[in-house]
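Commentary on secondary and tertiary structure
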Amino acid sequence: MLAPKRVKHRKVHRGSMGGTAKGNTEIHFGEYALQCLGRGWMTSQQIEAARIAMTRHIKRGGKIWIRVFPDKSYTKKPAETRMGSGKGAPEGWVAVVKPGRILFEMSGVAEPLAREAMRLAAHKLPFETRFLVKGHVEAAAPAETGAAASAGEALGAESA
């Protein structure tokens, strides 16, 4: 699992998850990327599970970049403990992820293989994601494409 070697403070405040990502919003290293659309905490276990899923699917071909690092500790009090008596002990590490953040990048494989590998990785994560290709402008939100768009075109065709 990913974890910092050392930190200035073992216990940190929960913090704010409002707004969109300030950095890491563009593809820099690979040809394909997995971009986060939701917000939340991504644990080191989830990062590792997604990495393993991608690596196994591409059969260790190509190259994968992990663009998030779990640098924030979270704490947990023991079960059946009364309220009070301070903050709990550090339990694990999380990365704070906001919408627009690039989570993983990949290169050296064909697009269909990369798309499927990223799909498998996305199932390990606690928020919605989308697949990006370097240099391509992404279409409108997924809700507007597909069945709803074709139904709208059909209605427009009937009224014309």
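Residues numbered from 1 in each chain as written. Predicted model: local features only at pLDDT ≥ 70, side-chain atom pairs only at ≥ 80, totals over all residues. Heavy atoms only, no water.

1. A word on the overall build of the protein
Note the threshold: Runs of H or I in DSSP of at least four residues are treated as helices and runs of E of at least two as strands, each being numbered from the N terminus. Each residue gets one of three labels from its accessible area relative to the maximum for its type: buried under 20%, exposed over 50%, partly exposed in between, using a 1.4 Å probe on protein chains only. We call two residues in contact whenever any of their non-hydrogen atoms come within 4.5 Å of each other.
For the protein, the helix and strand inventory stands at 3 helices and 7 strands. Listed N to C, the secondary structure of the protein is β-β-α-β-β-β-β-α-β-α in terms of helices and strands. Scored against the burial criterion, the 160 residues of the protein give a buried share of 32%. Restricting to contacts in the protein with at least 6 residues of sequence separation, those with at least 24 account for 79%.

2. With respect to the packing of aromatic side chains
Describing an aromatic ring pair means giving the distance of the ring centres and the angle of the ring planes. In plain terms, the rule: Think of it this way: a Phe, Tyr or Trp ring, Trp meaning its six-membered ring, pairs with another when their centres are within 6.5 Å, and the plane angle makes it stacked under 30 degrees, edge-to-face over 60, tilted otherwise.
In total, this model carries 3 aromatic pairs according to the counting rule given. With a centroid separation of 5.9 Å and an interplanar angle of 20 degrees, the aromatic rings of F29 and W65 are classed as stacked. One end of the pair, F29, is in the segment before β1 (32-36); the other, W65, is in strand β3 (residues 63-66), with 36 residues separating them in the sequence. Pairing W41 with Y74 gives two aromatic rings, centres 6.4 Å apart and planes at 35 degrees, and the pair type is tilted. Remark: Y74 occurs in strand β4 (residues 72-76) and W41 occurs in strand β2 (residues 40-43); sequence separation between them is 33 residues.

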